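Chain by chain, the residues:
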Amino acid sequence: MEEMEGTYRVLQTPGARLGAPTSAAISTLEPGQSLSKAFKSSSLKPCGRGMQLTVQLLDDVQEQFEVEQKACGQALMDKICQRLNLIENDYFGLEFRNSQGNEIWLEPAKPIVKQVQRPKNTLFRLSVKFFPPDPGQLQEEYTRYLFVLQIKRDLAQNKIMCNENTTALLISHIFQSEIGDCDEAADLVYFENNILSPNQQMLQEKIIAFHRQNIGQTPAESDFQVLEIARKLEVYGIRFHPATDREGTKINLAVAHMGVLVFQGNTKINTFNWAKIRKLSFKRKRFLIKLHPEVHDSYQDTLEFLLADRDQCKIFWKNCVEYHTFFRLMDQPKPKAKAVLFSRGSSFRYSGRTQKQLVEYMRESVTKTTPYQRRHSRVPARTLTTDVPKQSPILSDIGSTKADDEEEDHRKRYPTDKAFFIAKEILTTERTYLKDLEVITVWFRSAVIKENAMPEGLMSLLFSNIDPIYEFHRGFLKEIEQRLALWEGRSNAHVKGDYQRIGDIMLRNMRVLKEFTSYLQKHDEVLTELEKTTKRSKKLEGVYKEFELQKVCYLPLNTFLLKPIQRLMHYKLILERLRKHYPSDHRDYADCRDALTEVREMAAHLHSSLIRLENFQKLTELQRDLIGIDNLILPGRDFIREGCLYKLTRKGLQQRMFFLFSDMLLYTSKGVTTSNQFKVHGQLPLYGMIIEESESEWNVPHCFTIYSAQKTIVVAASSRREMGKWIEDMNKTIELVKKSNHKGDPVLESNTYDRSNRSSDEVSLEQESEDDTHSSHSSLDKQTYHRANTTVHVCWHRNTSVSMLDHSVAVENQLSGYLLRKFKNSNGWQKLWVVLTNFCLFFYKTHQDDYPLASLPLLGYSVSMPSDNDCIHKDYVFKLQFKSHVYFFRAESEYTFERWMEVIKSATCSAGWMIH
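Computed from a predicted model, the values in this text were never measured in an experiment.

### Regarding the overall build of the chain
Piece 1. Secondary structure assignment for the chain yields 26 helices and 29 strands.
Piece 2. Residues counted as buried form 55% of the 916 residues belonging to the chain.
Piece 3. Within the chain, contacts between residues separated by at least 24 positions form 67% of all contacts whose residues are at least 6 apart in sequence.
Piece 4. Accessible surface for the chain amounts to roughly 41300 Å². Of this, 49% is attributable to carbon and sulfur atoms.

Right, dumping it as structure tokens:
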């Protein structure tokens, strides 16, 4: 048997199997070597005889760094990062040219002298190693600046292939970042002294024309534009590795955040996502990709590519190992155990933080970096002198301590302007909204494609409507993130105040969103067709139900299809707050006012559709939660209220769930079944129904009697307030039925009931059988479908009720953001990303997580300020309590504190109801 030279199993991640998180660890250490041992040799031992190494920084200036003779690669990287004050250092690496002429990355955990033949004579280049798909994930303005320098370097070396317009546009933003607003004479001088593209002479006029359009942009904003343009290119952040396929066709292999890519020339012809790959390996100069069986059922499951030699094959294999670990795994890799006798194949593993860990560290770290200040420079020449060592421009400001204490303190504080926090609410809720869209566009699509469960017509209808909306909001979110980063003070924009506004972005994007009205109008058809097809297709029904049980689908699936229209209502409410906050002469006022006008027009146009959709969604949700009613979804039937009441039976008061619709009252019990659904016991038509309070008659608190054509029942509410809500809604609905002369479903009713013909002692106190309350042999009970966080289940456990009006108010009062949480008897506070929707708080570690860690249904809870006995001595803290369950939450500002209090009260108190 021949030995496999290098093998790497691509382990499953949360993204590969819904709801099945795994934690895999990969290390770049040699067998038996640990990170602590490796790094001790370089950084913990006393300094001996050192060696001077030359590093070319991203601005092409060369700097000298001294490290120990036996230092590992990480020691040199640490020295560089320390001098540059580079915090997000895991995106970067050091590359060098080896004796065979190949460009390779310096391994952090391996001694430099074992990787480089003559380190003192070798030029190491600091380069971006991992390109995230979204530049918004880069937290520091300084990091984004270094990424732009990498793109600038790649443009000059013709490593970024793009058309002339894109090249000119990229260079124009680099001009704006480095020399400021367009001055044609200065631009021409800059051209003479800097080569940014091999064909820049041909593009000179285009570049200057584009540069004129960038007037007013700060360096930070220009950098962001460069990254936004670059990330959309197929060749963004990748390096070609020439190869041939089995047929001998010349191709280029590359690796990116999503997987292994195959190019023919500069055109991408195939992508092997990490989720499809089971194992990566190489044998001499053959590179092998083993796919999961379901990916290529009837084809080969192992793909083979031929590179020039073994060294180039191993280099590419190593790159793939590192990319997979960095972008796909959640936890920091651990060292590989040492083989007892011998080991086979390559021992290469990745060492360092994963991207997820890096993002979390940057978000949670309390360490403050030295403020980075960069201004436009009109000095075009970059000539090196031999007499005086030239210091890198990227070092000059980063290490500066010239900022006085007042400016330093200003940067450490959030802006105090209320408008900033209103704008931040747009940002935080937009992040949640985009994640909600991904439940359909990414996760559900993946589930139905995998099982081939959805007819082509429905696939086209569903995704052709929601995909364009999703793409629009991706771009919209990037704009908001960029503006808030500038507004928050991560750049010099706060000095001029140019970016302390949001109205211009809202107005521009609301006008674009208006073009999607036709898509939003089709959501009614989409929701209806999805429900019909699910009923007809057992396969789709199975996939639908299975998907709803996954953690990523944290709400009933069809609620996510309502989000685009509901989002318009959120924009309207937030813009109304902004307009109310601003004085009429504020420079942001006019844009906010005009944006609000645009949104109001769209919202008014779609208002009737939203009411119809919300009602349809609620009926379909209840259809799945109830057993014993075949078709709850009928034309003209509206949902009014659901909740818990106690029904008087021969056994006494028994807990039941009641559902009030526009034509009938339905009551159910919750049986001990595998599906955990509610079984229907009675359906009473509203036509001719009479409601009377009867506390004194039956000597039961909060009791009222329901007289219907079929029977008379006595029920009791948990409080007088609950009783009042039921009686008010039922009487209003009965009056509407009477006015419309609609007698409802003839199956449900007989002759109109005459109150005078029957005395109250004839109330039906039926004996409910064991089969009713503990039903387990209904064929429907065999289903395993169950969603425990729908309002029907929460109402049952919290002994309360919710109306359709409550649902509508809850839609308007959704909120997202970071809060600190503390339990009643705990000492520390935990930072969590919190989402309030559908009467429930959902807790995530960060806003980038795909599914919540836990949830807290709010029905029945009270929200208040902490009392003296709670011993909470912090600002902006509110308290949530239900019986003995107590939680404390801390907000970042007075505005966010008031908003959380406001929306939580709306989720815990019924709309329009006050205690008298």
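### Describing the packing of aromatic side chains
Piece 1. Applying the stated criterion across every chain yields a total of 38 aromatic pairs.
Piece 2. Residues phenylalanine 658 and tryptophan 726 carry aromatic rings whose centres are separated by 6.5 Å and whose planes lie at 75 degrees to one another, so their mutual orientation is edge-to-face. Of this pair, phenylalanine 658 sits in strand S16 (residues 652–661) while tryptophan 726 sits in helix H22 (residues 720–740), and the two are 68 residues apart along the sequence.
Piece 3. Since its relative accessible area comes to 0%, phenylalanine 658 is described here as buried.
Piece 4. One aromatic cluster in this structure is built from Tyr91, Phe92, Phe130, Phe131, Phe147, Tyr236, Tyr323, Phe326 and Phe327.
Piece 5. Taking NZ or CZ as reference, arginine 821 lies 4.8 Å from the ring centre of phenylalanine 843, over its face.
Piece 6. The aromatic ring of tyrosine 818 is capped on one face by lysine 831, whose charged end is 4.9 Å from the ring centroid.

### Side note on the sheet that holds strand S28 (residues 877–882)
Piece 1. Across the sheet, which stays open at both edges, the seven strands sit in the order S26-S25-S24-S23-S29-S28-S27 with antiparallel pairing between neighbours. The sheet terminates laterally at strand S26 (854–857) and strand S27 (862–864), the two strands that pair on one side only. Across this sheet, the average inter-strand angle for adjacent strands is 35 degrees, counted without regard to direction.
Piece 2. Across three bridges, the pairing between S27 and S28 is antiparallel. Paired with valine 863 across the bridge in S28 is leucine 880.

### Focus: helix H4 (residues 164–179)
Piece 1. With 16 residues, H4 ought to run about 22 Å at 1.5 Å a step, and its terminal C-alpha atoms sit 22 Å apart, in line with that.
Piece 2. Within H4, 13 of the 16 residues are buried, which leaves the element mostly enclosed by the surrounding structure.
Piece 3. The distance from a side-chain oxygen at the start of H4 to the backbone nitrogen of asparagine 165 is 3.2 Å, and the residue carrying that oxygen is asparagine 163.
Piece 4. Just downstream of H4, glycine 180 is the residue with a positive phi angle, here 90 degrees.

### Quick word on the nonpolar core
Piece 1. By size, the foremost hydrophobic cluster in this structure holds 126 residues, and its most contacted members are Leu841, Leu880 and Trp900.
Piece 2. Excluding residues within four positions of it along the chain, leucine 841 makes contact with Val834, Val835, Leu836, Ala854, Ser855, Leu856, Leu858, Leu880, Phe889 and Trp900.
Piece 3. Counting residues in each nonpolar core, the second largest holds 94 residues, with Ile112, Phe124, Phe263 and Ile289 among its members.

### Observations regarding the pairing of strand S13 (residues 302–307)
In the case of a regular strand, side chains alternate between the two sheet surfaces.
Piece 1. Of the two faces of S13, the one holding Leu303, Phe305 and Leu307 is buried and the one holding Thr302, Glu304 and Leu306 is not buried anywhere.
Piece 2. With two bridges joining them, strand S7 (residues 241–244) and S13 adopt antiparallel strand pairing. When the sheet's bridge partners are listed, alanine 243 is paired in S13 with leucine 307.
Piece 3. Sheet topology note: the strand S12 (residues 286–291)/S13 ladder contains five bridges and is antiparallel. Paired with isoleucine 289 across the bridge in S13 is leucine 303.

### A few points about the pattern of salt bridges
Piece 1. This model, assessed by the stated rule, comprises 51 salt bridges.
Piece 2. A salt bridge links glutamate 531 to arginine 624; the shortest N-O distance between them is 3.2 Å. Of the two residues, glutamate 531 is situated in helix H17 (residues 523–536) and arginine 624 in helix H20 (residues 589–625); the sequence distance between them amounts to 93 residues. Accessibility assignment for this pair places glutamate 531 and arginine 624 in one class, buried.
Piece 3. Salt bridges here are not isolated pairs; linked through shared partners, they connect Glu425, Arg577, Arg899 and Glu902.

### Remarks on the environment of alanine 810
Piece 1. Secondary-structure assignment places alanine 810 in helix H25 (residues 804–812).
Piece 2. Residues alanine 810 and isoleucine 904 lie 94 residues apart in sequence; the distance between their C-alpha atoms is 9.2 Å.

### Concerning the sheet that holds strand S6 (residues 123–128)
Piece 1. With respect to topology, five strands assemble into an open sheet ordered S3-S2-S6-S4-S5, the strand pairing being mixed. At either margin of the open sheet sits one strand with a lone partner, and together these are strand S3 (62–68) and strand S5 (103–105). On average, adjacent strands in this sheet sit at an angle of 40 degrees to one another, irrespective of strand direction.
Piece 2. Where strand S4 (residues 92–97) meets S5, three bridges bridge the pair, whose relative direction is antiparallel. Opposite glutamate 95, over in S5, you have tryptophan 105 as the bridge partner.

### Structural notes on unusual backbone geometry
It is generally the case that most residues other than glycine have a negative phi and that most peptide bonds are trans.
Piece 1. At asparagine 838, a position not held by glycine, the phi torsion is positive, near 55 degrees.
Piece 2. Residue position: asparagine 838 is located in the loop between strand S24 (830–837) and strand S25 (840–844).
Piece 3. A relative accessible area of 30% places asparagine 838 in the partly exposed class.

### Remarks on the environment of asparagine 98
Piece 1. Among the secondary structure elements, asparagine 98 is positioned in the loop between S4 and S5.
Piece 2. Expressed as a C-alpha distance, the spacing of asparagine 98 and threonine 122, which sit 24 residues apart in the sequence, is 8.7 Å.
Piece 3. Within polar-contact distance, the side chain of asparagine 98 engages the backbone nitrogen of glutamine 100 at 3.1 Å.
Piece 4. For asparagine 98, the side chain forms a polar contact with the main-chain nitrogen of asparagine 102, separated by 2.8 Å.

### Considering the side chain of serine 669
Piece 1. With respect to the helices and strands, the residue serine 669 is situated in strand S17 (residues 664–670).
Piece 2. Serine 669 sits in the buried class, given a relative accessible area of 2%.
Piece 3. Within polar-contact distance, the side chain of serine 669 engages the side chain of histidine 681 at 2.7 Å.

### Some details on the packing of H4 against helix H6 (residues 200–212)
Piece 1. Between H4 and H6, whose axes approach to 8 Å, the crossing angle comes to 55 degrees. Comparing their axes, H6 and H4 come out oblique. With respect to the hand of their crossing, H4 and H6 are arranged in right-handed fashion. Mapping the contact onto sequence places Glu164, Asn165, Thr167, Ala168, Leu169, Ile171, Ser172, Phe175, Gln176 and Ile179 in H4 and Met202, Leu203, Lys206, Ile207, Phe210 and His211 in H6.

### What about the state of the cysteines?
Piece 1. For the structure on display, the rule yields zero disulfides.
Piece 2. Cysteine cysteine 644 shares no disulfide, and the gap to the nearest cysteine sulfur, in cysteine 795, comes to 8.4 Å.
Piece 3. The exposure class assigned to cysteine 644 is buried, which follows from its relative accessible area of 2%.

### Describing helix H2 (residues 73–84)
An α-helix turns once per 3.6 residues; consequently, residues spaced three or four apart project the same way.
Piece 1. Across its twelve residues, H2 extends 17 Å between first and last C-alpha, which sits within 8% of the 16 Å expected from 1.5 Å per residue.
Piece 2. Turning to H2, its buried residues number three or more, namely Gly73, Gln74, Ala75, Leu76, Met77, Ile80, Cys81 and Leu84.

### Some words on the confidence of the model for the chain
Piece 1. Averaged over every residue, the pLDDT of the chain is 81; residues scoring 70 or more account for 79%.
Piece 2. Within the chain, the lowest mean pLDDT, 36, falls on helix H23 (residues 770–773), and the highest, 95, falls on S6.
Piece 3. In the model, residues 396–414 has pLDDT below 50 throughout and makes 29 contacts with residues more than four positions away in sequence or in other chains.
Piece 4. Counting interchain partners and residues more than four positions distant, the pLDDT-below-50 stretch residues 744–762 has 27 contacts.

### Quick look at the packing of helix H15 (residues 503–513) against helix H19 (residues 563–581)
Piece 1. For the pair H15 and H19, the least separation of the axes is 13 Å and the interaxial angle reads 155 degrees. As the angle between them shows, H15 and H19 are arranged roughly antiparallel. Both H15 and H19 take part in a crossing whose hand is left-handed. For the pair formed by H15 and H19, the contact residues are Met506, Met510 and Leu513 on the first element and Leu568, Tyr571 and Leu575 on the second.
Piece 2. Taken together, the residues of the contact of H15 with H19 break down into six nonpolar, no polar and no charged.

Parameters and conventions
- Residues numbered from 1 in each chain as written.
- Predicted model: local features only at pLDDT ≥ 70, side-chain atom pairs only at ≥ 80, totals over all residues.
- Heavy atoms only, no water.
- Helix = DSSP H or I, 4+ residues; strand = E, 2+ residues; numbered from the N terminus.
- Buried < 20%, exposed > 50% of the residue type's maximum accessible area, 1.4 Å probe, protein only.
- Contact = heavy atoms within 4.5 Å.
- Areas by Shrake-Rupley, 256 points an atom, 1.4 Å probe, with all protein chains shown as cover.
- Phe/Tyr/Trp six-rings, centres within 6.5 Å; stacked < 30°, edge-to-face > 60°.
- Lys NZ or Arg CZ within 6 Å of the ring centre and 35° of its normal.
- Pairing = 2+ DSSP bridges.
- Axes fitted to C-alpha atoms, helices over the stretch in contact; angles between N-to-C directions.
- Expected span 1.5 Å × (residues − 1).
- Polar contact = N/O pair within 3.5 Å; in protein donor to acceptor, adjacent residues only side chain to side chain.
- Core = buried A, V, L, I, M, F, W, Y, C linked by side-chain atoms within 4.5 Å.
- Salt bridge = Lys/Arg side-chain N within 4 Å of Asp/Glu carboxyl O.
- Parallel < 35°, antiparallel > 145°, perpendicular 65-115°, else oblique.
- Left-handed = near helix turned anticlockwise from the far one by under 90°.
- Disulfide = S-S within 2.5 Å.
- pLDDT = per-residue confidence, 0-100.
- Nonpolar A, V, L, I, M, F, W, Y, C, P; charged D, E, K, R; others polar.

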